[in-house]
Amino acid sequence: MELASHSSALVHELQKERGASAGYLGSKGTRFAKKLNEQRIDTDKKAAVLKAFLNDFDLSTGTRKFRKALQGALGMLKRIGEKRSQVDAQTIQLSEALKYYTTMNARFLATIAQLTYSTFDSEITRDLIAYANFLQSKERAGLERAVLSNTFVQDRFGPGMLKKFNTLMAAQNAYLNVFLTYARDDQKQFFDQKMSDPAVLEVQRMRDIASGSVTETNLIALIQEELGYGGMIHLFKNYVLRGQKKYVDRFRKKHTNITNAIQSYLSSPIITSVKKENLLVIQGTLDKYKEAFDQVTRMKNAGSSVANIDQTVKIDDGPALAALNTLTHKSNFGVEATYWFKTITEKINLLKEVEDKLASDLSNQAQILKNSAKRILISYIVIASLLVLLAIFLTYFIAKGILEQLGGEPKVVVGIAQRIAKGDLAIKSANTNSNDASLFAAMNLMAEKLRNIMRKINNTAQQVASGSEQISSSAENLSQATTEQAASLEETSAAIEQLTSSIDQNAEGAREASSLSVEAVKIATNGGQAV
């Protein structure tokens, strides 16, 4: 917001320098010289303040358009010495001088308008929109000062200046309406209060004089058209020469149109005495032509010749043409350019007071937002700190619970597990703080159990080894006995074989005896049958 304040302060001085430059150029250097030099000093002071502020300002905080507008404005400001020299030497056209100052001011104001994109707060955005539009309206008021200073000093609108003046009025009112739409009630009341100053009313009076020239220009054009070639005077001469009735109706219609235009001109509340005198001269000549026209009609009806009528009826229209020429080439505003400049400067200074209030309100609102943001930040920091403490507290108790479950440092437990995995069971922890339900205690218990198991295995292995030795000795004895028994068996086997052979022989003898017995039986049987 400081940048906006410094920028608008410089623009205010540039607006006054632009107006003084326009008056100086319009008067060909005969007026505004002192005022212009004094104003340039004031402008340079504000420019120095802005440059000093920008030395410590971080441009990267703004948008790309913001930086572009500010850099463009500062670039044009560097050329102000060159433009001043051209104004002093009268080597620059008014339109070019106005364009230079107006473009530079527009770029400075654009930097302020871009600030609306740097905040997300609705109240700040609303105030920025009102502020930016008010500055744009005030800029048009400053440009109006320059245009009419040049116009009043020449007592006429220069080429294109009337159109520019009308455009300025429309733009000024449009920006002002936007400002009033977004401004807060107290800001509107402050604006209305300042705009009730007599200087504002006087500016409006002089502005009406200038704006009234549009209607006056149209009326003068109508008078010229109806009076000049093909107009009333031309019809009068044709009627004198030809006497045709068609000229009568056309003459009277032209006379009526011109009279109505003059009466409209005279009824204007802002008409000057000089313009009124010239219009009355033209009206007097019109009345003479009407009287002469009636006289010509009577003479024609009486049979007078054209030469006689021309000789009798004479009208000097020189004064009317001179008066018309004065109205055409000089506006005769009756407004002193320096008075206009002084009065509208008073109005613009009142606008500056409104501008300062808007800037102050905006700064206060920004400070409130800043304080609120600071409070919120502090609240967030406190809450974050409490959360961190809570996290530490929870972490401590969770870690404590885990350590209680582990019974010691995790890396110690991991080391024990790795040693057990490698077969090292000669582990005895010096940690006496672990409870019986902890992993650490379980690991120690597991190691103790494994050691007991291994002791039992060793004992059993030793017993098995002793038994094995006894079995081996018994096996050797058994083997020897078995060998001896095998030899005995071989002998027994041979005896058995002999016995078997004897048995076979005895069996064969038995079979033979049996066969003999059978035969004996048969013989006995047969002998018995024979008996």
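What you see is a predicted model; the values in this text were computed from it and never measured. (Residues numbered from 1 in each chain as written. Predicted model: local features only at pLDDT ≥ 70, side-chain atom pairs only at ≥ 80, totals over all residues. Heavy atoms only, no water.)

Take the pattern of salt bridges next. As enumerated under the stated definition, the model contains 22 salt bridges in all. For Asp-88, the salt bridge goes to Arg-40, with nearest N and O atoms at 3.0 Å. Taken together, the residues Asp-88 in helix α4 (residues 80-88) and Arg-40 in helix α2 (residues 33-55) connect sequence positions 48 residues apart. Owing to a relative accessible area of 38%, Asp-88 belongs among the partly exposed residues under this scheme. We classify Arg-40 as buried; its relative accessible area is 8%. The closest approach of N and O atoms between Lys-357 and Asp-361, which form a salt bridge, is 3.3 Å. With a gap of four residues between them, Lys-357 and Asp-361 both fall in helix α15 (residues 337-406), about one helical turn apart. Look at Lys-357 and you get partly exposed, because its relative accessible area is 22%. Note on Asp-361: relative accessible area 12%, which makes it buried. The network of salt bridges with common partners includes Asp-127, Arg-184, Asp-186, Lys-357 and Asp-361. (Salt bridge = Lys/Arg side-chain N within 4 Å of Asp/Glu carboxyl O. Helix = DSSP H or I, 4+ residues; strand = E, 2+ residues; numbered from the N terminus. Buried < 20%, exposed > 50% of the residue type's maximum accessible area, 1.4 Å probe, protein only.)

Positive phi outside glycine occurs at Lys-28, with the angle close to 60°. The residue Lys-28 is located in the loop between α1 (2-26) and α2 in this model. Phi is positive for Phe-32, which is not a glycine, with a value near 70°. Position of Phe-32 relative to the elements: it lies in the loop between α1 and α2.

Those residues of α4 that fall on the buried side of the exposure criterion are Ile-80, Lys-83, Arg-84 and Val-87. Burial along α4 is one-sided: seen end-on, the buried residues are contained in an arc of 100°. Turning to α4, the residues buried within the fold contact α1, α2, α3 (64-77) and α5 (94-114). Immediately beyond the C-terminal end of α4, within one or two residues, lies Gln-90, with a positive phi of roughly 60°. (Arc of directions from axis to C-beta. Contact = heavy atoms within 4.5 Å.)

It is worth spelling out the side chain of Lys-138 at this point. Residue placement: Lys-138 occurs in helix α6 (residues 122-154). In this structure Lys-138 comes out as buried when scored by relative accessible area, which is 2%. Polar side-chain contacts of Lys-138 include one of 2.9 Å to the side chain of His-12. Dropping the residues within four chain positions of it, Lys-138 is found in contact with His-12, Gln-15, Ile-348, Leu-351, Lys-352 and Glu-355. (Polar contact = N/O pair within 3.5 Å; in protein donor to acceptor, adjacent residues only side chain to side chain.)

Tracing the sequence through the fold places Ile-92 in the loop between α4 and α5. Sequence separation between Ile-92 and Leu-25 is 67 residues; the distance between their C-alpha atoms is 8.5 Å.

Considering every residue of the protein chain, the mean pLDDT works out to 81; 83% of them sit at 70 or more. Mean pLDDT across the secondary structure elements of the protein chain bottoms out at helix α17 (residues 439-530), with 69, and peaks at helix α8 (residues 185-194), with 94. (pLDDT = per-residue confidence, 0-100.)

Between α1 and α6, the shortest axis-to-axis distance is 7 Å and the interhelical angle comes to 15°. One way to sum up the angle between α1 and α6 is to call them roughly parallel. Remark: the crossing between α1 and α6 carries right-handed chirality. Between α1, through Ala-4, Ser-8, Val-11, His-12, Gln-15, Lys-16, Arg-18, Gly-19, Ala-22, Gly-23, Leu-25 and Gly-26, and α6, the contact on the second element is made entirely by Tyr-131, Leu-135, Lys-138, Glu-139, Gly-142, Leu-143, Arg-145, Ala-146, Ser-149, Asn-150, Val-153 and Gln-154. For the contact of α1 with α6, a count of residues per class yields nine nonpolar, 10 polar and five charged. (Axes fitted to C-alpha atoms, helices over the stretch in contact; angles between N-to-C directions. Parallel < 35°, antiparallel > 145°, perpendicular 65-115°, else oblique. Left-handed = near helix turned anticlockwise from the far one by under 90°. Nonpolar A, V, L, I, M, F, W, Y, C, P; charged D, E, K, R; others polar.)

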